[in-house]
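Take a look at the letters that make up each chain.
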Amino acid sequence: MASNETHYSLPRAEFDKPVKILIVVAPYYKDIADEQIAGAIAEIEAVGGFHEIVEVPGALEVPTAIGIAERMSNFDGYVALGCVIRGETTHYDTVCNDSSRGLTLLGLQGLCIGNGILTVENYEQARVRAEAKGQNKGGGAAAAALHLIALERRWGGARKGVGFVPAQDEYQIAGASKGKHSA
């Protein structure tokens, strides 16, 4: 059983300047989400960081909210939280796969995201994984985001074009030369 296994955790990330994290949570199972949030906040505050929390209707909306926040705000990283419990239909597979894929694609574009969306068979598995004093998957997701931010800062920070829209100096319009505009 996974809950009895011992796993290695990286030492807590350290920062010279505070980090600003957006926690995006789908609180469909409110008590599970509350535990995940508590774990994430504790981890962020342990490194002297700041956080904001937004709620979205479900796990499928979490990547979209993160994408919007990246384009329109100034967060250093993101923590994705929620819980998907297997039901009687294939909807479970769609929600699990597509929310994870959305977060992965954003991460591959350079966003620092910790994925704490639980995908479980039953409520008891979710409860065990969510407990801030237990497996603390919310805290683990925050730690993952913080480690990615630390790497980004170590390697010189993000380029302005990270996200859906490239920076102006990353592309040129056909027929236009730098500093001149075509008529």
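If you're wondering where the values come from, they're calculated on a predicted model, not measured in any experiment. (Residues numbered from 1 in each chain as written. Predicted model: local features only at pLDDT ≥ 70, side-chain atom pairs only at ≥ 80, totals over all residues. Heavy atoms only, no water.)

1. Topic: the side chain of serine 99
Filter applied, for reference: The helix and strand labels rest on DSSP assignments: H or I over at least four residues marks a helix, E over at least two residues marks a strand, and numbering proceeds from the N terminus. Here a polar contact means two N or O atoms within 3.5 Å. Within protein one must be a hydrogen donor candidate and the other an acceptor candidate, and residues neighboring in sequence count only if both atoms are side-chain atoms. The contact rule is simple, with two residues in contact once any of their heavy atoms fall within 4.5 Å.
Summarising the element assignment, serine 99 is placed in helix α3 (residues 91–108). A polar contact is formed between the side chain of serine 99 and the backbone oxygen of valine 95, at a distance of 2.7 Å. Contact partners of serine 99, with chain neighbours within four places excluded, come to Ala59, Leu60, Pro63, Thr94 and Ile117.

2. Brief notes about the pattern of salt bridges
Quick note on the threshold: By definition here, a salt bridge exists when the distance from a side-chain nitrogen of Lys or Arg to a carboxyl oxygen of Asp or Glu is within 4 Å.
Counted by the stated rule, this structure contains 9 salt bridges. The partner of lysine 20 in a salt bridge is glutamate 52, and the shortest N-O contact between them spans 3.8 Å. Taken as a pair, lysine 20 in strand β1 (residues 20–25) and glutamate 52 in strand β2 (residues 50–55) lie far apart in primary sequence, 32 residues in all. Each of Arg86, Asp93 and Glu121 takes part in a single network of salt bridges with overlapping partners.

3. Regarding the packing of helix α1 (residues 30–46) against helix α5 (residues 137–154)
The criterion, for reference: To obtain an axis, a line is fitted to C-alpha atoms, over the contacting stretch when the element is a helix, and the angle between two such axes runs from 0 to 180 degrees between their N-to-C directions. Each crossing gets its handedness from the near helix: less than a right angle anticlockwise from the far helix is left-handed, clockwise is right-handed. When residues are sorted by character, Ala, Val, Leu, Ile, Met, Phe, Trp, Tyr, Cys and Pro go into the nonpolar class, Asp, Glu, Lys and Arg into the charged class, and all the rest, Gly among them, into the polar class.
Their axes nearest at 6 Å, the elements α1 and α5 cross at an angle of 40 degrees. Crossing of α1 over α5 shows right-handed handedness. Within the contact between the two elements, α1 uses Gln36, Gly39, Ala40, Glu43 and Ile44 and α5 uses Gly138, Gly139, Ala142, Ala143 and Leu146. A per-class count over the contact of α1 with α5 returns 5 nonpolar, 4 polar and 1 charged.

4. Quick notes on the sheet that holds β1
Pairing between the strands of a sheet is mediated by backbone hydrogen bonds and can be parallel or antiparallel. Put simply, the rule reads: Whether two strands pair comes down to DSSP finding at least two bridges between them.
Ordered in space as β2-β1-β3-β4, the 4 strands form an open sheet in which the pairing is parallel. Of all the strands in the sheet, the pair left with one neighbour each is β2 and β4 (113–120). Each strand axis lies, on average, 15 degrees off the axis of its neighbour in the sheet, ignoring direction. Summarising the sheet, β1 and strand β3 (residues 77–85) pair through 5 bridges and their orientation is parallel. What sits directly across from leucine 22, in β3, is tyrosine 78. Across the sheet, helix α2 (residues 62–72) is in contact with β1, β3 and β4; its angle to β3 comes to roughly 165 degrees. On the sheet, α3 packs against β3 and β4 and is oriented at approximately 170 degrees with respect to β4.

5. Section: the confidence of the model for the chain
Let me state the cut-off plainly: For every residue, the predictor assigns a confidence score, pLDDT, that lies between 0 and 100.
Residue-level pLDDT values for the chain average 88, and 83% of them are 70 or greater. For the stretch residues 176–183, pLDDT sits under 50, and the model shows 3 contacts to residues farther than four places along the chain or on other chains.

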